Amino acid sequence: MIKPDGVVRGLIGEIISRLERKGLKIVALKMIKIDRKKAEKLYEQHKGKDFFKELIDYVTSAPVVVMIVEGRDATKVVRKIIGKTDPIEAEPGTIRFDLAMTIGKNIIHAADSKERADIEMKLFFNDNEIMNYKRVDENWIY
Ligand code: IDP
Ligand code: MG
């Protein structure tokens, strides 16, 4: 999910192109404004933490772009591409290091396990919004 800062800073194309160029396949994509209820569900693991309210205010402050990507070990790959939570700790070459400055405005979210990915996909997409197609370069990626 490209967070509000990624959207309002005009980084949607930059972020999506990094995922696409890697070889990940985008199978669902849309821009939405998340309501507080959905944001709280997305971040249910952090309920009770001191930054929780700030986090919910942040992710509901402007539109976000949600997507589902497929590929070999996609969850792990995406987490590596986005980098560590605090942009200062993230490696150069990652989205968070290259494009963000602070943990409270780290421009992107990604599920951290297959289990979470399954839960989070259902939070944002109906089955009929998830596409089935073949990338033309699939045989050259795998
Ligand atoms: P992740 O996004 O890398 O999975 P989590 O630890 O799951 O990191 O935290 C979720 C989000 O909460 C972070 O991406 C960030 O936006 C926010 N967050 C985490 N820790 C802090 C903090 O100490 N201050 C402000 N926001 C934080
Ligand atoms: Mg997380």
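Source: prediction; values computed, not measured.

J.: Can you lay out the environment of Lys-30 for me, pointing to particular residues and giving the numbers?
T.: For Lys-30, the location among the structural elements is in strand 1 (residues 25-32). Classification of Lys-30 by relative accessible area gives partly exposed; the value is 24%. A C-alpha to C-alpha distance of 9.1 Å links Lys-30 and Phe-124, two positions 94 residues apart in sequence. Apart from residues no more than four positions distant in its own chain, Lys-30 is found in contact with Val-64, Val-65, Val-66, Phe-124, Phe-125 and Glu-129.

J.: So what about the site of ligand 1? Which residues, and what values?
T.: Lining the immediate surroundings of ligand 1 are Lys-3, Tyr-43, His-46, Phe-51, Glu-54, Leu-55, Tyr-58, Arg-79, Thr-85, Arg-96, Ile-103 and Asn-106. At 2.7 Å from an oxygen atom of ligand 1 is found a side-chain nitrogen or oxygen belonging to His-46. Between ligand 1 and Asn-106 there is a distance of 2.9 Å, counted from an oxygen atom to a side-chain nitrogen or oxygen. Out of a free accessible area of 530 Å², ligand 1 has 79% covered by protein chains. The element best represented in the shell around ligand 1 is helix 4 (residues 52-59), accounting for three residues. Classifying every residue of the shell around ligand 1 by side-chain character gives five nonpolar, three polar and four charged.

J.: Could you give an account of unusual backbone geometry, with specific residues and numbers?
T.: A positive phi is found at Asp-73, a non-glycine position, where the angle reads about 50 degrees. Structurally, Asp-73 is set in the loop between strand 2 (64-70) and helix 5 (74-82). In this model, Ile-107 sits at a positive phi of 55 degrees, which is unusual for a non-glycine residue. Residue position: Ile-107 is located in the loop between helix 6 (95-99) and helix 7 (114-124).

J.: Before we move on, can you summarise the environment of Asn-128 with the specific residues and values?
T.: By the secondary structure assignment, Asn-128 is in the loop between helix 7 and helix 8 (138-141). Once the C-alpha coordinates of Asn-128 and Asp-112 are considered, the two residues, 16 residues apart in sequence, prove to be 24 Å apart.

J.: A description of helix 5 should follow, citing residues and the corresponding values.
T.: All of the buried residues along helix 5 are Ala-74, Thr-75, Val-77, Val-78, Ile-81 and Ile-82. Down the axis of helix 5, the smallest arc covering the buried residues is 165 degrees, so these residues share one side. When the buried face of helix 5 is taken as reference, the exposed residues oriented beyond 90 degrees from it are Lys-76 and Lys-80. Positive backbone phi, at 90 degrees, marks Gly-83, one or two positions downstream of helix 5.

J.: Go over helix 4 with me, naming the residues and quoting the values.
T.: Among the residues of helix 4, Phe-52, Leu-55, Ile-56, Tyr-58 and Val-59 are the ones counted as buried. Axial view of helix 4: buried residues confined to an arc of 160 degrees, hence all on one face. Facing away from the buried surface of helix 4 by more than 90 degrees, the exposed residues are Lys-53 and Glu-54. Buried positions along helix 4 lie against helix 1 (4-8), helix 3 (36-42) and strand 2.

J.: Which residues make up the packing of aromatic side chains, and what values go with them?
T.: Inspection of every chain in the model, using the stated rule, returns zero aromatic pairs. For Lys-25, the ring lying beneath its charged end belongs to Tyr-133, and the centroid distance is 5.4 Å. Sitting over the ring of Tyr-58, Lys-105 keeps its end group 4.9 Å from the ring centre.

Rules behind the numbers
Residues numbered from 1 in each chain as written. Chains lettered and ligands numbered in written order. Predicted model: local features only at pLDDT ≥ 70, side-chain atom pairs only at ≥ 80, totals over all residues. Heavy atoms only, no water. Helix = DSSP H or I, 4+ residues; strand = E, 2+ residues; numbered from the N terminus. Buried < 20%, exposed > 50% of the residue type's maximum accessible area, 1.4 Å probe, protein only. Contact = heavy atoms within 4.5 Å. Near = heavy atom within 4 Å. Polar contact = N/O pair within 3.5 Å; in protein donor to acceptor, adjacent residues only side chain to side chain. Areas by Shrake-Rupley, 256 points an atom, 1.4 Å probe, with all protein chains shown as cover. Nonpolar A, V, L, I, M, F, W, Y, C, P; charged D, E, K, R; others polar. Arc of directions from axis to C-beta. Phe/Tyr/Trp six-rings, centres within 6.5 Å; stacked < 30°, edge-to-face > 60°. Lys NZ or Arg CZ within 6 Å of the ring centre and 35° of its normal.

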